[in-house]
Amino acid sequence: MEEGSVNRVSAIGNAAGPAAEWRRFIMTTTKLIELAVSMKKRAYCPYSGFAVGAALECSDGSVFTGCNIESASFSPTICAERAAAAKAVSEGHTDFLRIAVAGSGPDLCWPCGVCRQLLSEFSPDGSLRVIAVDGNGRWESATLAQLLPRAFGKHSIRCDSL
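Residues numbered from 1 in each chain as written. Predicted model: local features only at pLDDT ≥ 70, side-chain atom pairs only at ≥ 80, totals over all residues. Heavy atoms only, no water.

## Description of the nonpolar core
Formed by 20 residues in total, the largest nonpolar core has its most connected members in Leu56, Ala88, Phe96, Ile99, Leu119, Leu128 and Val130. Among the elements of the structure, β3 (53-58), α2 (80-90), β5 (96-102) and α4 (144-147) are those that each provide at least two residues to this core. For Val130, the residues in contact, after removing those within four places along its chain, are Ile99, Trp110, Pro111, Glu140, Ser141, Ala142, Leu144 and Leu147. In this structure, Leu32, Ala36, Ala55 and Ala102 belong to the second largest nonpolar core, which totals 10 residues. (Core = buried A, V, L, I, M, F, W, Y, C linked by side-chain atoms within 4.5 Å. Buried < 20%, exposed > 50% of the residue type's maximum accessible area, 1.4 Å probe, protein only. Helix = DSSP H or I, 4+ residues; strand = E, 2+ residues; numbered from the N terminus. Contact = heavy atoms within 4.5 Å.)

Okay, structure coming up:
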């Protein structure tokens, strides 16, 4: 998808009754990237100094943002992508469409392996579009299937209760 291109038009509002007012918006790739970049200022990264922001778009047009949160013991550190995904899932949104991940460094900021695995839970066909952004605003995109081929998922467990 080209920068600034329209992904889709979504309706937002209260559909409770016939008098409901609807607002329309267009979420462009550029806007999704801007949201991810804006989240870097909220990052808590006193140990690495590497701020990361993410903006996750769901199929209904909802967008959830996140930032990285570091811990002195490192293991409980939360990546921006997982923070955004947790917010989305906790609000009942599990149909992920695109995620922009903006880093502070000179290289493109692709999701780590743990984030790729978590995102694959909500994109089992790997169609989630991942947009990686560097500290200068340059970006590239790929599907999750390209980033995590042969992902482990529900099909791997072969559990009848799933």
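Following the structure, the description resumes.
## Focus on the pairing of β3
Within β3, six of the six residues are buried, which leaves it mostly tucked inside the rest of the structure. Residues Gly53, Ala55 and Glu57 of β3 are buried on one face, and the alternating residues Ala54, Leu56 and Cys58, pointing to the opposite face, are buried as well. For β3 and strand β4 (residues 63-67), the ladder comprises five bridges, and the chain directions are antiparallel. Across the sheet, the residue bridging to Ala54 is Gly66, located in β4. From the end of β3 to the start of β4, which pair antiparallel, there are four residues, and Gly61 there has a positive phi angle of about 95°. Judged from the six bridges that link them, β3 and β5 form a sheet pairing that is antiparallel. Pairing of Ala55 across the sheet is with Ala100, part of β5. (Pairing = 2+ DSSP bridges.)

## Focus on the sheet that holds β3
Strand order in the open sheet formed by five strands is β4-β3-β5-β6-β7, with mixed pairing between adjacent strands. Of all the strands in the sheet, the pair left with one neighbour each is β4 and β7 (139-143). Here the average twist between neighbouring strands, direction ignored, is 15°. (Axes fitted to C-alpha atoms, helices over the stretch in contact; angles between N-to-C directions.)

What is shown is where atoms sit, not what they do.
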